[in-house]
Amino acid sequence: MQLDQLPKTCKYLSDLLLVNNKSKSGYSQIDHIIFSPFAVFVIETKNYSGIIYGDRTRKQWSVNGKFPMLNPFIQNYGHIEAIRSSLNSVENSNFVSMISFTKRCKFKVNSELREIQSNDLIVYDIELTEFITRKLNVLKLQKKTAVFSEGEILNMYNKLQKENIKDSNIRKNHIEIVKAENNGKKSINNLTNTSAKCVTCGKSVSQKVESFCLSNKERFNGNVYCYEHQKKH
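Residues numbered from 1 in each chain as written. Predicted model: local features only at pLDDT ≥ 70, side-chain atom pairs only at ≥ 80, totals over all residues. Heavy atoms only, no water.

Honestly, the confidence of the model for the protein chain in this entry has me stumped. Any pointers?
Segments scoring low in pLDDT should not have their predicted coordinates read at a detailed level. In the predicted model, the protein chain carries a mean pLDDT of 88, and 92% of its residues have values of at least 70. When the criterion is pLDDT under 50, residues 187-194 qualifies, and its contacts beyond four places in sequence or with other chains add up to 3 contacts. (pLDDT = per-residue confidence, 0-100. Contact = heavy atoms within 4.5 Å.)

Shown next as structure tokens:
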């Protein structure tokens, strides 16, 4: 496993189910948490295939411009909040949110989400430990001294390991609620989704074209254009 390659000063937990009173199921399922001397990394893994269109500020992202998905950073923020309810001494600035996709994907997202200075990072699974190591090197230079001692890292690790819910019935119920919620959102989207229009000519465009324009904010300034009028920008 890639996380086994992390520095010895780090500890990690995988597949945690923690209480989260703000979620529909009452829980948050977290793929990986890494405790390091300079930050707590919270990692959400995705198993999609295709082009991932997304803007950090938008609630809705898409796969291939037609399959909607919740902005994964919003989802991971919920996970971080669940962790903070247990580790309330850890400040928000000391969390790094990472979303990991397989190499079957291609990113069409904000460029800063790939820049190591950001605390919100989108990565491919094969480069996960590389990005974590690079981020730790940057934080080490910035902060000069460790934020968390070895003892504090161990305490955080032990506390969340103890709070991890392993009951198979609770876990099964959580998964079923999440699936039902996602299916409900897809149905609503299918009923209410109307075509966006080119701001220049008023021509209707596909969701793929809309996602392309919105994910290229610098070029299109947040507007949607048809293929013909994209050429003029």
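Looking at this structure, I do not really get the state of the cysteines. What am I missing?
Each disulfide is one covalent bond, formed between the sulfur atoms of two cysteines. A complete count under the given rule lists 0 disulfides for this structure. Not part of a disulfide, C226 finds its nearest cysteine sulfur in C201, a span of 3.8 Å. With a relative accessible area of 5%, C226 lands in the buried category. (Disulfide = S-S within 2.5 Å. Buried < 20%, exposed > 50% of the residue type's maximum accessible area, 1.4 Å probe, protein only.)

Would you mind going over the sheet that holds strand 5 (residues 60-63) with me for this structure?
Two pairing modes exist for strands in a sheet, parallel and antiparallel, and in both the strands are linked by backbone hydrogen bonds. Here 4 strands make up an open sheet; going across it, the order is 6-5-4-8 and the pairing mixed. Taken across any chain shown, the strands that pair with only one partner, and hence form the sheet edges, are strand 6 (67-70) and strand 8 (105-108). The sheet shows a mean angle of 30 degrees between the axes of neighbouring strands, taken without regard to direction. Packed on one face of the sheet, helix 1 (residues 72-86) meets strand 5 and strand 6 and runs near 30 degrees to strand 6. (Pairing = 2+ DSSP bridges. Helix = DSSP H or I, 4+ residues; strand = E, 2+ residues; numbered from the N terminus. Axes fitted to C-alpha atoms, helices over the stretch in contact; angles between N-to-C directions.)

I keep staring at the side chain of N94 and nothing clicks. Help me out?
Note that N94 resides in the loop between helix 1 and strand 7 (95-101). At 3.4 Å, the side chain of N94 forms a polar contact with the side chain of K143. Sequence-distant contacts of N94, defined by excluding residues within four places in its chain, comprise F38, A39, V40, K143, V147 and F148. (Polar contact = N/O pair within 3.5 Å; in protein donor to acceptor, adjacent residues only side chain to side chain.)

What is the right way to look at the pairing of strand 2 (residues 27-35) in this model?
Successive residues of a regular strand alternate their side chains across the two faces of the sheet. Strand 2 sits mainly inside the fold: 7 of its 9 residues count as buried. Examined bridge by bridge, strand 1 (residues 11-19) and strand 2 share 8 bridges and lie antiparallel to one another. The residue of strand 2 that forms the bridge with L18 is S28. When strand 2 meets strand 3 (residues 40-46), the two strands line up antiparallel, connected through 4 bridges. Paired with I33 across the bridge in strand 3 is V42. Between strand 2 and strand 3, which pair antiparallel in sequence order, lie 4 residues.

Explain the pattern of salt bridges here, please?
Where charged atoms from two side chains of opposite charge approach closely, those side chains can pair. Using the criterion set out here, one finds 7 salt bridges in the structure. A salt bridge links R171 to D15; the shortest N-O distance between them is 3.2 Å. Here R171 is found in helix 4 (residues 168-192), whereas its partner D15 is found in strand 1, with 156 residues between them in sequence. Judged by relative accessible area, which is 15%, R171 ranks as buried. The residue D120 makes a salt bridge to R56 at a minimum N-O spacing of 3.0 Å. Taken as a pair, D120 in strand 9 (residues 120-124) and R56 in the loop between strand 4 (50-53) and strand 5 lie far apart in primary sequence, 64 residues in all. (Salt bridge = Lys/Arg side-chain N within 4 Å of Asp/Glu carboxyl O.)

I keep staring at helix 2 (residues 128-143) and nothing clicks. Help me out?
Since the α-helix packs 3.6 residues into each turn, any two residues three or four apart lie on the same face. Its 16 residues give helix 2 an end-to-end C-alpha distance of 22 Å, which sits within 8% of 22 Å, the value for a rise of 1.5 Å per residue. If you check which residues of helix 2 are buried, you get L128, T129, F131, I132, K135, L136, V138 and L139. On its buried face, helix 2 sits against strand 2, strand 3, strand 7 and strand 9. Taken from the residues just after helix 2, K144 is the one with a positive phi, measuring 70 degrees. (Expected span 1.5 Å × (residues − 1).)

Would you mind showing me how to read the pairing of strand 3 here?
Most of strand 3 sits out of view: 6 of its 7 residues are buried. Direction of pairing for strand 3 relative to strand 7: parallel, over a ladder of 7 bridges. Note on strand 7: the bridge partner recorded for T45 is S100.

Looking at this model, I keep getting lost on unusual backbone geometry. Mind explaining?
Glycine aside, the phi torsion of most residues is negative, and most peptide linkages are trans. Of note in the backbone geometry, N64 takes a positive phi value of approximately 60 degrees without being a glycine. Backbone geometry places K144, a non-glycine residue, at a positive phi of 70 degrees. Positionally, K144 belongs in the loop between helix 2 and helix 3 (150-163).

Mind showing me how you'd approach the sheet that holds strand 9 here?
With mixed pairing, the 5 strands of this open sheet are ordered in space as 1-2-3-7-9. On the outer flanks of this sheet lie strand 1 and strand 9, each paired with one strand and no other. Direction aside, the axes of adjacent strands within the sheet are offset by 30 degrees on average.

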